[in-house]
Amino acid sequence: MVCGVCGSRMTVHYHTRQTRVVPEYVCQRDGADHIVSVCQHVFGAHLDQAVGQLLVGTVTPLTLEITLSVQQEIHARLDEVDRLRKKQVERARYEADLAQRRYLHVDLANRLL
């Protein structure tokens, strides 16, 4: 949760009210940094319920299927990038070895001073 006043992240505290545990979101950034009172606090019972309903309404079999296919595509691209990096490293090692072999094969007697 982000504070609507200062834009900082809010922390959650739980309180017991009439035998029920109720969340309360508190912005304590200024309080912790400058030793002042909290920026704001929001009781979260209704907020948590609304977010839960939104989440249940959003997470459908279709959205889960799309999410899984996107995740598979991301993994495939990461694997491809990893494969290309390994090829670059292999090519760089080959070129370094080739340069070293050429350097070692230089005829010292054939140098111009």
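In what follows, the structure referred to is the one given above.
Each value, and the rule that gives it
Residues numbered from 1 in each chain as written. Predicted model: local features only at pLDDT ≥ 70, side-chain atom pairs only at ≥ 80, totals over all residues. Heavy atoms only, no water. Helix = DSSP H or I, 4+ residues; strand = E, 2+ residues; numbered from the N terminus. Buried < 20%, exposed > 50% of the residue type's maximum accessible area, 1.4 Å probe, protein only. Contact = heavy atoms within 4.5 Å. Patch = residues over 30% accessible without salt bridge, like charges linked within 9 Å, V, L, I, M, F, W, Y side chains within 5 Å. Areas by Shrake-Rupley, 256 points an atom, 1.4 Å probe, with all protein chains shown as cover. Salt bridge = Lys/Arg side-chain N within 4 Å of Asp/Glu carboxyl O. Pairing = 2+ DSSP bridges. Axes fitted to C-alpha atoms, helices over the stretch in contact; angles between N-to-C directions.

**Digging into the overall build of the protein chain**
Right, so step 1: Summing up its helical and strand segments, the protein chain has 3 helices and 3 strands in all.
Right, so step 2: Along its sequence from the N terminus, the protein chain presents helices and strands in the succession β-β-α-β-α-α.
Right, so step 3: Within the span of the protein chain, comprising 113 residues, buried residues form 9% of the whole.
Right, so step 4: Across the protein chain, the fraction of contacts at a sequence separation of at least 24, relative to all contacts at a separation of at least 6, is 19%.

**Considerations on unusual backbone geometry**
Right, so step 1: Positive phi values are uncommon outside glycine, yet Gln18 reaches one of about 50°.
Right, so step 2: Considering the arrangement of structural elements, one finds Gln18 in the loop between strand 1 (11–17) and strand 2 (20–27).
Right, so step 3: On the basis of relative accessible area, Gln18 is assigned to the exposed category, the value being 76%.
Right, so step 4: Although it is not a glycine, Thr19 sits at a positive phi angle of roughly 65°.
Right, so step 5: Inspection of the secondary structure puts Thr19 in the loop between strand 1 and strand 2.

**Considerations on a nonpolar patch on the surface**
Right, so step 1: Together, Leu62, Ile66, Val70, Ile74 and Leu78 give the surface a local cluster of nonpolar side chains, amounting to about 470 Å² of exposed area.
Right, so step 2: In this fold, Val70 is placed in helix 3 (residues 61–104).
Right, so step 3: Using a relative accessible area of 43% as the deciding quantity, one classes Val70 as partly exposed.

**Observations concerning the sheet that holds strand 1**
Note on sheets: strands pair through backbone hydrogen bonds, and any given pair is parallel or antiparallel.
Right, so step 1: Spatial strand order, 1-2-3: 3 strands in an open sheet with antiparallel pairing. Looking at which strands have only one partner, the edges of the open sheet turn out to be strand 1 and strand 3 (40–43). Adjacent strand axes in the sheet meet at a mean angle of 30° when their direction is disregarded.
Right, so step 2: Here strand 2 pairs with strand 3 via 4 bridges, running antiparallel. The residue bridging Tyr25 from the neighbouring strand is Val42, located in strand 3.
Right, so step 3: Taken strand by strand, helix 2 (residues 45–58) contacts strand 2 and strand 3, and its axis lies near 95° from that of strand 2.

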